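# Examining the three-dimensional arrangement
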Amino acid sequence: MVSGTLSVDALLDKMASETRALIAQRHLNDPLMIGIRTGGVWLAERLHRQLALTSPLGVMDISFYRDDFTQVGMNPKVQPTQLPCATEGRDILLVDDVIMSGRTIRAAMNELFDYGRPASVSLITLLDLQRRELPIQADVIGGTLALGPDQLVKLNGPDPLTLTIRQRD
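Residues numbered from 1 in each chain as written. Predicted model: local features only at pLDDT ≥ 70, side-chain atom pairs only at ≥ 80, totals over all residues. Heavy atoms only, no water.

### With respect to the overall build of the chain
A count of helices and strands for the chain gives 4 helices and 8 strands. Each helix (α) and strand (β) of the chain, taken in turn from the N terminus, gives the series β-α-β-α-β-α-β-α-β-β-β-β. Whereas a compact globule of 169 residues would reach a radius of gyration of roughly 15 Å, the chain reaches 15 Å, a difference of no more than 12%. Considering the chain as a whole, with its 169 residues, one finds that 44% of them fall into the buried category. For the chain, the share of sequence-separated contacts (at least 6 apart) that also reach a separation of at least 24 residues comes to 70%. By element, 52% of the accessible surface of the chain is carried by carbon and sulfur atoms, the whole surface being about 8,800 Å². Distance between charge centroids for the chain: 2 Å, based on 17 positive and 20 negative side chains. (Helix = DSSP H or I, 4+ residues; strand = E, 2+ residues; numbered from the N terminus. Rg over C-alpha atoms; globule rule 2.2 N^0.38 Å. Buried < 20%, exposed > 50% of the residue type's maximum accessible area, 1.4 Å probe, protein only. Contact = heavy atoms within 4.5 Å. Areas by Shrake-Rupley, 256 points an atom, 1.4 Å probe, with all protein chains shown as cover. Lys, Arg positive; Asp, Glu negative; His and termini not counted. Charge placed at Lys NZ, Arg CZ, Asp CG, Glu CD.)

Okay, here's the thing in structure tokens:
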């Protein structure tokens, strides 16, 4: 994969279509969509509109739940989690930009369960980098990306949403 910038519109359309099918297949009634800050929130806002979901959108900041908190320190832009309603017994659509090791999703699920026990959690992600350290898989994936050991991918936004692939510094 070479460095460059890519639009995510086609991936978002694919994700919306597959999420719509997932909701129908699993008979999810009024699911609550929650975006993981920051890129997951941008994607969740778009998907929430495309799917015309009726429950308000939730926003989650997992900074305090990360297992590398002591190694990387505090994110200077930590913001509160904002869940518009109770999660107990709800079907949750959890949205993030990239799944790599699975550790961000583990942290998000730990925080989510601190608010109550959902009926189900479905994971939606823009990109899967296929470098799992934990047995966590997405239910809906926009695309799969194989990066070299010296490459990084970043979601830029919120408008327009683009992906940048570049070499590590």
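### A closer look at the pattern of salt bridges
For the coordinates displayed, the defined rule picks out 7 salt bridges. The partner of Arg90 in a salt bridge is Asp30, with the nearest N and O atoms 3.6 Å apart. Linking Arg90 in the loop between helix H3 (69–72) and strand S4 (91–99) with Asp30 in the loop between helix H1 (9–25) and strand S2 (32–36), this pair joins segments that are 60 residues apart in sequence. In this structure, the salt-bridge partner of Arg132 is Asp128, at a minimum N-O distance of 2.9 Å. Owing to a relative accessible area of 24%, Arg132 belongs among the partly exposed residues under this scheme. The class for Asp128 is buried, based on a relative accessible area of 5%. (Salt bridge = Lys/Arg side-chain N within 4 Å of Asp/Glu carboxyl O.)

### Here's the deal with the sheet that holds S4
One open sheet accounts for 5 strands, arranged S3-S2-S4-S5-S6; its pairing is parallel. Both edges of this open sheet fall to strand S3 (58–60) and strand S6 (140–144), since each of them pairs with a single strand only. Across the sheet, the mean angle separating the axes of adjacent strands is 25° when strand polarity is ignored. Across 4 bridges, strand S5 (residues 120–128) lies against S6 in parallel orientation. Among the inter-strand pairings, Leu127 is bridged to a residue of S6, identified as Gly143. Sheet contacts for helix H2 (residues 39–51): S2, S3, S4 and S5; angle to S2, the most-contacted strand, approximately 155°. (Pairing = 2+ DSSP bridges. Axes fitted to C-alpha atoms, helices over the stretch in contact; angles between N-to-C directions.)

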